[in-house]
Amino acid sequence: MLLEFKRVFKSYQIGKNKIPVLQDLDLFVNEGEFVSIMGTSGSGKSTLLHILGGLDTPDEGTYRFNARDMLSLSDEERSWIRGHWLGFVFQTFNLLSELDVVGNVSLPFTYRKTKPEKIASHVEHAIDRVGLLHRKGHRPFELSGGEMQRVAIARALAVNPKMILADEPTGNLDSRNSEHILDLFRELHQTGTSIILVSHDEKVAAVSERILQMEDGCLQ
Amino acid sequence: MMPQVLSFIITAYHSLLIHKLRSLLSVLGVVCGVMAVMIMISTGEGAKKEVLGRIEQMGLTNIYVNDKLLSEELQKRAEKKRSYGLSLYDVEYLRSLSPMIVSVGAVQKVALTPVGTGINIIPSIFKCTANYGELLGLDVRRGRFINVQDSLNNRQVCVIGGLMSERLGSDGRVGKLIRMDDRLYTIIGVLRKVDKKPVKTAKVTNQNFNDTIFLPLNIPHNLTKFGTSIAQHSMLSSIVVEVANRENVEPAARLINRAMEYNHQGVLDYDVIVPLELLDQALAAQNIFNLVLTVIAAVSLLVGGIGIMNIMLATVTERKREIGIRRAVGATRKDIAFQFLAESSLLTMCGGTIGIAGGFISVFVIENLAGWPIEITVVSVVIPFVLACVTGVFFGYYPAVQAAKMDPIKTLRAE
């Protein structure tokens with residue numbers, strides 16, 4: 001089991017009110033599995049993904065990832081896991097505008113002890129996998145939306161993660177570009193990468209092998 | 001760790017380049033601060049060196065008793081008390097005063113005019129004792145200085161300054177004659193020419209003796225305090241007393257003061273100057289100057305530092321999303337803090353470098369236009385630069401910590 005998420009609760013304090021976001025949520029994902037989590041806006045999908053990525057912590061519950069108790073880890077240890085075992089793909093791409101494709105894909109290596117020559121080969125390989133070698137010197141504003149998302153995927157792939165967490169990866173793309181990105185996810189899955197994809201779109205979710213519905217902070 | 005630090009510096013460099021003008025403006029305070037510190041250290045060091053050099057030239061084991069001009073009224077009162085200014089009797093009296101006193105020399109300004117030299121230098125002409133050259137460490141380039149025999153036998157000889165000799169050409173060599181008023185004097189020695197201009201401070205007058213002529217000062221035997229010849233042998237310009245060592249300077253100075261007071265019946269027609277005391281005063285003044293310098297430096301760097309902090313806080317707010325992205329790909333809070341600290345440090349280091357360059361130009365201008373003595377030392381370059389770097393770290397720390405503390409989720413959602 002790659003990921004075990006048990007009896008997780010999370011709520012946000014807004015003014016005097018406590019708004020529950022995740023309620024008694026269980027999730028188990030095996031190595032190499034492709035899971036989609038579907039739900040309407042505000043159903044708690046993104047919060048779930050942030051907790052899975054170690055960017056946020058739940059109020060209650062247990063979370064084990066790759067046999068590590070994620071909730072007992074320090075900030076540095078969680079950062080290490082994000083940098084070595086996890087890859088994020090966001091709806092808004094989240095690329096750094098001052099860096100070119102190579103610079104953006106190399107970003108995770110800034111925080112890893114990897115030899116420069118190895119970094120170059122990892123980065124080159126990741127850019128090649130998303131088919132953007134011919135644009136590696138370009139900066140984000142010179143790329144189309146689909147290309148930017150492919151760069152983001154290459155950045156997630158470059159560190160050879162155990163799992164990719166994708167938050168509405170096609171949310172900002174037209175249907176043609178969306179199709180390309182989903183094809184890329186299919187390919188990644190076929191090569192054994194575990195993926196958790198969050199979307200409100202059924203067509204997008206359909207690309208995975210298991211679809212979970214999220215409603216009012218619970219997985220159905 | 002090294003590649004990571006390098007990567008922080010490269011990232012910092014790129015992000016500073018994005019806002020070139022803003023970076024430059026934000027660092028202006030530090031530039032001015034560093035320039036101010038460098039100018040002040042350089043001028044301070046220059047002035048210190050100048051004063052110390054001058055005082056040391058006077059001899060730290062020497063004590064000077066200089067003639068003091070009195071007003072007409074005071075002069076009359078002094079004459080009633082039979083005090084005619086510094087006299088040869090004082091020289092003799094001080095010589096036998098204490099075993100602490102090794103040697104006593106005297107110099108008397110005389111009103112003679114060189115005739116037919118054909119040069120436009122009006123020389124200062126002094127009669128001096130044979131030991132005067134040694135007491136003041138005068139450097140004789142050719143020939144010799146006046147000796148005891150010259151003084152005892154009242155020989156018509158002279159020692160001339162380096163510039164005088166140079167201007168006189170072949171007439172200014174050893175063995176040649178110079179006519180002063182109605183007498184001929186044989187040049188027996190030429191002093192080394194000193195290139196430095198004489199500089200005057202409140203109490204110390206430094207002469208380079210370039211345009212001076214020294215003649216032997218004859219000291220008659222059996223001088224008595226109230227003898228008839230006393231007035232004739234008075235009006236010395238200065239008496240130089242050399243004591244055995246530095247420890248003797250203070251007690252000898254007290255003794256000399258008492259002896260002079262007794263000799264002159266309480267008439268203060270002289271000044272006792274102790275170079276060692278002047279040195280202490282100069283060092284004390286230097287300490288005050290250093291304190292003022294520190295305050296000015298601190299204020300200017302404080303202003304510069306606040307500018308840096310301001311700009312760094314704005315940068316952190318602007319780059320929230322970047323912080324979130326970096327956190328998502330594995331950056332720890334420490335990494336984020338280091339990133340912004342590297343940026344503020346790089347900013348102030350650039351400011352420091354520009355300030356040092358500006359400092360060099362400024363001290364060059366000051367030295368050449370204002371004629372102030374300047375001394376650029378390693379300290380005058382390193383201290384301002386280090387201060388600039390410390391300012392960067394100190395004032396960049398708070399914004400860096402603010403950046404590190406940011407919630408990664410909120411930063412990822414930032415527009």
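What you see is a predicted model; the values in this text were computed from it and never measured.

Conventions we followed
Residues numbered from 1 in each chain as written. Chains lettered and ligands numbered in written order. Predicted model: local features only at pLDDT ≥ 70, side-chain atom pairs only at ≥ 80, totals over all residues. Heavy atoms only, no water. Pairing = 2+ DSSP bridges. Helix = DSSP H or I, 4+ residues; strand = E, 2+ residues; numbered from the N terminus. Domains from an automatic or database assignment. Salt bridge = Lys/Arg side-chain N within 4 Å of Asp/Glu carboxyl O. Buried < 20%, exposed > 50% of the residue type's maximum accessible area, 1.4 Å probe, protein only. Contact = heavy atoms within 4.5 Å. Axes fitted to C-alpha atoms, helices over the stretch in contact; angles between N-to-C directions. Phe/Tyr/Trp six-rings, centres within 6.5 Å; stacked < 30°, edge-to-face > 60°. Lys NZ or Arg CZ within 6 Å of the ring centre and 35° of its normal. Core = buried A, V, L, I, M, F, W, Y, C linked by side-chain atoms within 4.5 Å.

Draft legend 1. Representation of the sheet that holds strand β8 (residues 194-199) of chain A in the model. Residues and elements named next belong to chain A. Across the sheet, six strands lie side by side as β6-β7-β8-β3-β9-β10; this open sheet has mixed pairing. Each end of this open sheet is capped by a strand with a single partner; those strands are β6 (86-89) and β10 (218-219). Note that strand β3 (residues 34-39) and β8 share five bridges and pair parallel. Following the sheet pairing, V35 is matched in β8 by I196.

Draft legend 2. Examining the domain arrangement of chain B more closely. Domain assignment breaks chain B into domain 1 (2-54 + 281-413) and domain 2 (69-268). A C-alpha centroid distance of 55 Å is found between domain 1 of chain B and domain 2 of chain B.

Draft legend 3. Spatial organisation of the pattern of salt bridges. By the definition in use, this model includes 22 salt bridges over all chains. Between D75 of chain A and R327 of chain B there is a salt bridge; the shortest N-O distance is 2.9 Å. Of this pair, D75 of chain A sits in helix α2 (residues 75-84) while R327 of chain B is found in helix α11 (residues 320-328), placing the two residues in two different chains. Since its relative accessible area comes to 19%, D75 of chain A is described here as buried. We classify R327 of chain B as buried; its relative accessible area is 3%. Taking the shortest distance from any N to any O, the salt bridge between R319 of chain B and E322 of chain B comes out at 2.9 Å. Residue R319 of chain B is classed as buried on the basis of its relative accessible area of 11%. When salt bridges that share partners are traced, they join R319, E322, R326 and E343 of chain B into one network.

Draft legend 4. Summary view of the sheet that holds strand β4 (residues 60-65) of chain A. All names here are of chain A. Spatially, four strands are ordered β2-β1-β4-β5 in an open sheet, and the strand pairing comes out antiparallel. A single partner strand is all that each edge strand has here, and the edge strands are β2 (17-29) and β5 (68-69). By the bridge criterion, nine bridges tie strand β1 (residues 3-14) to β2 in an arrangement that is antiparallel. Bridge assignment links Y12 to a residue of β2, and that residue is I19. Packed onto the sheet, helix α1 (residues 45-52) meets β1, β2 and β4 and runs at close to 120° relative to β1.

Draft legend 5. Highlighting the packing of aromatic side chains. One pass over the structure, following the stated rule, counts 12 aromatic pairs over all chains. A ring pair is formed by F88 of chain A and F90 of chain A, whose centres lie 5.5 Å apart and whose planes are at 5°; its orientation type is stacked. The buried category is assigned to F88 of chain A, whose relative accessible area is 6%. Measuring from ring centre to ring centre gives 5.1 Å for F394 of chain B and F395 of chain B, while their planes differ by 80°; the resulting arrangement is edge-to-face. Judged by relative accessible area, which is 10%, F395 of chain B ranks as buried. One aromatic cluster is present, built from ring pairs that chain together F126, Y132, F145, F209 and F214 of chain B. Its guanidinium or amino end placed over the ring of W85 of chain A, K162 of chain A lies 5.9 Å from that ring's centre, counting from NZ or CZ.

Draft legend 6. Fine view of the nonpolar core. Core analysis: the largest hydrophobic core is formed by 68 residues, its most contacted members being L3, F5, L27, L52 and F65 of chain A. Among the elements that line this core, the one with the most residues is helix α12 (residues 333-370) of chain B, at eight residues. Contacts of F5 of chain A, omitting those with residues within four sequence positions, involve L25, D26, L27, F28, L48, I51, L52, T62 and Y63 of chain A. Counting 49 residues, the second largest nonpolar core, distinct from the first, contains L52, I188, F214 and M260 of chain B.

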